[in-house]
Amino acid sequence: MLLTSLSGALLSSACSSLPNANVSSTEQAPRATRNYQENIHLNGKISVRYEHNNKPQNLPGSFEWEQTSNSLQITLFSPVGQTIARITQNGHGARLEQEGKMPQEADNLDQLLSDALRWPLPVSGMRDWLQGFIRQPDGSRTALTASDQTISTDGWNIRYASWHETTNSPKRIDLNRYTTNAGEVTLNIFIEAPQNP
């Protein structure tokens, strides 16, 4: 039951576009000298807190994130390392596979996660956020500096709490927002130093 709940909780409707981001600091941070990577392979841990029936829930787990310019695969693991869900997206559509359930497919990732899950996990935005970038309405990406700062975009508050010094990439990201169905939703993401796929 916990594994089923975790797989449901770790996947939700994704955002498709991002408005201008606001940096919460006394001065607008200058752009970093990093380049966005279309192909990236990330691993890390994730902890999700939300409310269900007015009771706080805490779901820990880990993830593997593999993306290219036209595809994405996310694998979610239980705290003991068991695969509980796999999401894939490519030019043919999106697919969700969960332990003990029939695979679900849709034309796009946003639709699939919206149909299958309860609360928001902004997967589309995370393609940029996990690398320390914010996408602007014109499609350009703003690279953030490696500092402790909070960004507000697409209804989420995103705090970049720590960075990997060797790669100048995010190490810990905290996301939170309020939702009608799940109350205050908080995601704490710990990312290992990135590798090439």
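Calculation notes
Each chain has its residues counted from 1, running along the sequence as written. With pLDDT at 70 or above as the cut-off, local features in this predicted model cover only qualifying residues; side-chain atom pairs require 80 or more to be listed or tallied, and sums for whole chains, interfaces and linings still use all residues. For side-chain calculations, the full set of non-hydrogen atoms in the structure is used, while hydrogens and water are omitted. Going along the chain from the N terminus, every DSSP run of H or I of four or more residues is numbered as a helix, and every run of E of two or more is numbered as a strand. Buried means the residue's accessible area, taken with a 1.4 Å probe over protein chains only, is under 20% of the maximum for its type, while exposed means over 50%, and partly exposed covers the values in between. Pairs of residues are marked as contacts when any of their non-hydrogen atoms sit within 4.5 Å. The pLDDT value tells you how sure the predictor is about a given residue, anywhere from 0 up to 100. Following DSSP output, two strands are said to pair if at least two bridges run between them. Salt bridges are identified by distance alone: a Lys or Arg side-chain nitrogen within 4 Å of an Asp or Glu carboxyl oxygen. Any pair of Phe, Tyr and Trp rings, taking the six-membered ring for Trp, is counted once the centres come within 6.5 Å. Such a pair is stacked with planes under 30 degrees apart, edge-to-face with planes over 60 apart, and tilted for the rest.

Focus on the overall build of the protein
Part 1 of the reasoning: Within the protein one finds three helices and 13 strands.
Part 2 of the reasoning: Within the protein, buried positions represent 47% of all 197 residues.
Part 3 of the reasoning: Considering only contacts in the protein between residues 6 or more positions apart, those separated by 24 or more positions represent 52%.

Topic: the environment of Gln98
Part 1 of the reasoning: Looking at where Gln98 falls in the secondary structure, it is placed in strand S6 (residues 93-98).
Part 2 of the reasoning: What makes Gln98 buried here is its relative accessible area of 9%.
Part 3 of the reasoning: C-alpha of Gln98 to C-alpha of Ala85: the two residues are 13 residues apart in sequence and 4.4 Å apart in space.

As for the confidence of the model for the protein
Part 1 of the reasoning: Summing up the model confidence of the protein, the mean pLDDT is 81 and the portion of residues at 70 or higher is 78%.
Part 2 of the reasoning: Segment residues 1-20: pLDDT under 50, and 77 contacts once partners within four positions in sequence are set aside and those in other chains are kept.

Focus on the pairing of strand S10 (residues 149-153)
Part 1 of the reasoning: Residues Gln149, Ile151 and Thr153 point to one face of S10 and are all buried, whereas Thr150 and Ser152, pointing to the other face, are not buried.
Part 2 of the reasoning: Of the pairings in the sheet, the one linking S10 to strand S11 (residues 156-164) comprises five bridges and is antiparallel in character. Residue Thr150 lies in a different strand from S11, and its bridge partner there is Arg159.
Part 3 of the reasoning: Here S10 folds back onto S11, and the loop between the two strands holds two residues, one of which, Asp154, carries a positive phi near 55°.

Examining the pattern of salt bridges
Part 1 of the reasoning: Applying the stated rule across the entire model yields six salt bridges.
Part 2 of the reasoning: Of the charged contacts in the structure, one is a salt bridge between Arg135 and Asp128, with a shortest N-O distance of 3.3 Å.
Part 3 of the reasoning: Among the residues examined, Arg135 registers a relative accessible area of 27% and is labelled partly exposed.
Part 4 of the reasoning: Residue class for Asp128 comes out buried when judged on its relative accessible area of 2%.
Part 5 of the reasoning: By sharing partners, the salt bridges in this structure join Arg95, Glu97 and Glu105 into a single network.

Let's talk about unusual backbone geometry
Part 1 of the reasoning: Even without being a glycine, Asp154 presents a positive backbone phi close to 55°.
Part 2 of the reasoning: The residue Asp154 is located in the loop between S10 and S11 in this model.
Part 3 of the reasoning: For Asp154, a relative accessible area of 25% corresponds to the partly exposed category.
Part 4 of the reasoning: Unlike most non-glycine residues, Asn168 shows phi in positive territory, near 55°.
Part 5 of the reasoning: With respect to the helices and strands, Asn168 occurs in the loop between S11 and strand S12 (169-179).

Concerning the packing of aromatic side chains
Part 1 of the reasoning: One pass over the structure, following the stated rule, counts two aromatic pairs.
Part 2 of the reasoning: Judged by centre distance (5.5 Å) and plane angle (85°), the rings of Tyr36 and Phe133 are edge-to-face. With Tyr36 in the loop between strand S1 (22-24) and strand S2 (40-52) and Phe133 in strand S8 (residues 133-135), this pair connects stretches of sequence that are 97 residues apart.
Part 3 of the reasoning: Its relative accessible area of 3% is what places Phe133 among the buried residues.
Part 4 of the reasoning: Between Tyr160 and Trp163, the aromatic rings sit 5.4 Å apart at their centres with planes inclined by 25°, giving stacked as the arrangement.
Part 5 of the reasoning: Its relative accessible area of 0% is what places Tyr160 among the buried residues.
Part 6 of the reasoning: A residue is classified by how much of its surface remains accessible, and Trp163, at 12% relative accessible area, is buried.

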